Amino acid sequence: MSSSAKLTVVEVRESLQRFGLADYIVFVASLLICVVIGVYFGWKDWSVQRKRKQNVRRGSAALNYLVGGRKMKIFPVAMSLIASFISGIAVMGASTETYLHGTQFCYVFTAIILMAVSMNFIFLPVYQGLEITSAYAYLQLRFDRRIRLLGSGLFTLATLLHLPIVIYVPALAFNQVSGVNVHIVSTSVCMVCIFYTLVGGIKAVVWTDVIQMFIMIGALILIVIKGTADIGGLGVLIERNMASGRIEAPNFNFDPTERHTIWAIFIGGGSFWMGKNAIHQMMIQRYLALPTFRDAQKALLCFTVGIILLLMTCFYNGLLIYATFHDCDPLTTGLAKAKDQLIPVLLMKVLGNYPGLAGLFISGIFSASLSSLSTGLNSLSAIVLEDFVKPFVRKPLSERSTRYIMRGTVLGFGIVAVALVLVVEKLGTVLQLSMSLVPISLGPLLGLFLLGMLLPWVDASSAFGGALCGLLTMSYIVIRAQIAVAAREMPIPAKPVSVEGCEYEFELPPGYNTSTALPTPPVEKSIHHVSYLYYTFIGAATTVLIGSISAAILRRQQPSKLDPLLVAPFVRKIYFPQSIPRTVVTTHTFDNKEDTALYLTCLLINEYAARRNYVALTHAQPPTGTRG
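Owing to the predicted nature of the structure, the values given are computational and were not obtained by experimental measurement. (Residues numbered from 1 in each chain as written. Predicted model: local features only at pLDDT ≥ 70, side-chain atom pairs only at ≥ 80, totals over all residues. Heavy atoms only, no water.)

1. Considerations on the overall build of the protein
For the protein, the helix and strand inventory stands at 23 helices and 2 strands. In the protein, the proportion of contacts linking residues at least 24 apart, taken out of those at least 6 apart, comes to 86%. Total accessible area on the protein stands at roughly 28,100 Å², and carbon and sulfur atoms take up 65% of it. (Helix = DSSP H or I, 4+ residues; strand = E, 2+ residues; numbered from the N terminus. Contact = heavy atoms within 4.5 Å. Areas by Shrake-Rupley, 256 points an atom, 1.4 Å probe, with all protein chains shown as cover.)

Below you can see the structure in the form of structure tokens.
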């Protein structure tokens with residue numbers, strides 16, 4: 001570091017900011033494509049509604065806007081699910097996690113499989129059987145409107161905590177490769193999203209997501225191939241990461257305060273992903289856009305396989321970052337200003353000399369976040385209108401008032417999200433942050449749905465009390481843990497790094513020791529020291545435990561009086577073996593196929609009518625103290 005011929009870290013950082021004209025063109029073009037698709041589908045739906053205004057079925061506009069008329073195709077919906085679920089948080093956060101702490105988190109595929117199994121056997125059959133559009137409409141059908149308002153409120157809180165992180169991630173990446181201020185970028189993204197949200201629909205969101213996924217996957221594959229070749233091949237990558245201890249076997253320790261164990265990942269992570277996929281309006285809305293339950297199952301399978309492959313690619317990139325910078329840590333030298341800028345540093349080192357490729361990758365991260373942000377703002381506007389405004393107005397809202405409320409909600413929440421970015425950037429890495437703050441509301445909300453679908457004897461009051469207990473418990477644990485993290489009371493051990501091979505000048509951070517790790521003083525463990533992966537599980541378990549115990553003591557709900565369609569299929573078989581009427585099939589002889597088809601059609605109609613009559617009678621005469 002003493003040689004005057006060496007470049008400074010500032011000069012090296014500026015040399016990596018080779019975001020040229022071709023990159024800007026690719027970046028702007030990708031965003032314009034997303035906007036054009038949104039405008040196209042918005043105009044197309046408006047034109048169809050205008051032509052059919054006299055004969056259109058009541059409510060078909062909302063049905064078409066929210067779930068595409070339930071006529072979407074499996075492949076684009078599956079791609080849209082992956083794009084919305086992965087966003088820029090996982091792309092950058094998973095790589096950062098692997099670089100800093102090793103491959104322990106890569107065993108998250110076990111949690112994703114747990115989520116897929118629960119979706120297939122518990123949640124999807126109920127949603128598809130009820131043919132609802134909003135996930136939180138289920139809570140009103142199963143319990144009462146008070147629980148629906150609680151669920152909608154928890155969703156609003158979870159989304160507000162999530163949106164600033166969604167904005168912050170692509171802004172960090174863009175800042176690293178171009179030098180543009182983070183807050184200028186985040187504000188610009190929100191402006192684009194606000195416009196896109198006002199004119200788009202589910203069709204626009206889904207098909208935009210398809211394009212975004214191809215952009216992201218293509219960019220990730222380019223980095224993997226070119227970056228691996230640059231360091232000398234896969235063998236070099238494995239050797240360097242094994243030497244640093246980053247490639248490691250599953251940790252089977254039962255200590256709940258240890259950050260990553262296989263139990264925390266499977267149980268806690270599985271609960272988190274279950275909440276993010278099974279009860280989240282943005283995800284459920286896409287499943288309900290498919291015509292049949294079988295199609296939803298196929299989309300779920302494609303989503304599960306796709307999300308695992310994509311996350312494993314992100315984990316590989318984390319190993320690639322270390323193999324590339326194994327003797328010159330970018331964080332220690334200041335080449336990367338923040339932990340979540342590591343992947344952009346690798347991007348510019350590997351692909352920066354190829355015009356347009358850096359712009360392609362950044363546009364992929366931006367596009368994924370744009371999808372999550374626009375869908376989140378759209379969902380929030382619908383929740384505010386349907387659950388927080390309409391029930392409390394004396395006369396029906398006019399079309400003009402409705403438009404103002406929805407647009408004002410999008411604008412207001414967009415401004416709040418931008419303001420909260422100032423808080424997010426002070427709280428640590430985005431992956432842990434997103435899995436720490438969101439469970440405050442996600443855990444109790446998951447508990448409500450589990451109470452409804454698995455425990456038919458639980459009534460609305462017991463569920464409400466359980467959810468409040470879960471919310472208070474999680475608020476204390478998460479907020480207390482974040483205060484401890486900010487005060488450096490909960491240090492997270494990181495894997496070793498080196499700066500011995502750096503070829504540029506830099507200043508070491510104050511107190512940095514290159515030879516030995518400083519001993520950490522023993523800390524007295526408390527409830528808030530539990531692994532952040534358990535947060536959603538604790539919130540859900542508290543809700544289910546308090547709610548079920550309260551219901552068992554008070555005995556307010558009779559399971560036999562409940563609509564069987566509101567519980568999971570395997571619960572129906574236990575509690576309602578004879579509850580759904582079945583048509584007695586007799587043998588007939590027909591002369592042609594048309595008569596046979598006519599008979600089968602009538603049979604299905606009769607059975608459907610019998611089921612609906614049963615449900616109507618059940619809802620019309622609820623038992624005392626229950627919803628019915």
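2. Describing the environment of Ala417
The topology assignment puts Ala417 in helix α17 (residues 399-424). Residue classification places Ala417 among the buried residues on the basis of a relative accessible area of 0%. Contacts of Ala417, omitting those with residues within four sequence positions, involve Leu163, Pro164 and Ile167. (Buried < 20%, exposed > 50% of the residue type's maximum accessible area, 1.4 Å probe, protein only.)

3. Here's the deal with the side chain of His280
As for its position among the elements, His280 is in the loop between α11 (262-278) and α12 (281-287). With sequence-adjacent residues up to four places away left out, His280 is seen in contact with Tyr136, Phe155, Thr159 and Gly275.

4. Digging into the pattern of salt bridges
All chains considered together, the criterion is met by 4 salt bridges. Where Arg146 meets Asp144, a salt bridge forms, and the shortest distance between an N and an O atom there is 3.5 Å. Note that Glu248 is salt-bridged to Lys495, the shortest N-O span being 3.2 Å. Residue Glu248 is located in the loop between α10 (234-244) and α11, and its partner Lys495 is located in the loop between α20 (460-486) and β2 (504-505); the two are separated by 247 residues in the primary sequence. Glu248 gets classed as partly exposed once you look at its relative accessible area, which sits at 22%. (Salt bridge = Lys/Arg side-chain N within 4 Å of Asp/Glu carboxyl O.)

5. Focus on helix α1 (residues 9-16)
Those residues of α1 that fall on the buried side of the exposure criterion are Val9, Val12, Arg13 and Leu16. Down the axis of α1, the smallest arc covering the buried residues is 100°, so these residues share one side. (Arc of directions from axis to C-beta.)

6. Quick notes on a nonpolar patch on the surface
On the surface, a cluster of nonpolar side chains totalling about 450 Å² of accessible area is made up of Phe109, Ile113, Val117, Phe121 and Phe570. Considering every element that reaches the nonpolar patch, the biggest residue donor is helix α5 (residues 109-130), with 4 residues. When its relative accessible area of 31% is taken as the criterion, Phe109 is described as partly exposed. (Patch = residues over 30% accessible without salt bridge, like charges linked within 9 Å, V, L, I, M, F, W, Y side chains within 5 Å.)

7. Describing the packing of helix α13 (residues 293-324) against helix α15 (residues 342-351)
Axis separation between α13 and α15 bottoms out at 10 Å; the angle between their running directions is 65°. Handedness of the α13/α15 crossing: left-handed. For the pair α13 and α15, contact is made by Asn317, Leu320, Ile321 and Thr324 and by Leu342, Ile343, Leu346 and Lys349, respectively. (Axes fitted to C-alpha atoms, helices over the stretch in contact; angles between N-to-C directions. Left-handed = near helix turned anticlockwise from the far one by under 90°.)

8. Quick word on the nonpolar core
Phe123, Tyr127, Phe303, Phe361, Ile362 and Phe449 are the most contacted members of the largest nonpolar core, which has 174 residues in total. For this core, the leading source of residues is helix α7 (residues 145-178), giving 17 residues. Once residues within four sequence positions are removed from consideration, Phe303 is found in contact with Ala78, Leu81, Ile82, Phe85, Met115, Asn277, Met283 and Tyr287. (Core = buried A, V, L, I, M, F, W, Y, C linked by side-chain atoms within 4.5 Å.)

9. Structural notes on the packing of aromatic side chains
Using the criterion set out here, one finds 12 aromatic pairs in the structure. Here the aromatic rings of Phe105 and Phe315 are separated by 6.0 Å at their centres, their planes lie at 80°, and the arrangement is edge-to-face. Residue Phe105 is found in the loop between α4 (74-101) and α5, and its partner Phe315 is found in helix α13; the two are separated by 210 residues along the sequence. When sorted by exposure, Phe105 lands in the same class as Phe315, which is buried. Considering the side-chain rings of Tyr138 and Phe449, the 5.7 Å spacing of their centres and the 20° angle between planes classify their relative orientation as stacked. Of this pair, Tyr138 sits in helix α6 (residues 137-142) while Phe449 sits in helix α19 (residues 439-454), placing them 311 residues apart in sequence. By the burial criterion, Tyr138 is buried, and Phe449 matches it. Within the aromatic cluster, the residues linked to one another by ring pairs are Phe105, Phe272, Trp273 and Phe315. In this structure, Arg146 is placed above the aromatic ring of Phe464, and the distance from its NZ or CZ to the ring centre is 4.8 Å. Note that Arg246 overlies the ring of Tyr99, its terminal NZ or CZ placed 5.3 Å from the centroid. (Phe/Tyr/Trp six-rings, centres within 6.5 Å; stacked < 30°, edge-to-face > 60°. Lys NZ or Arg CZ within 6 Å of the ring centre and 35° of its normal.)

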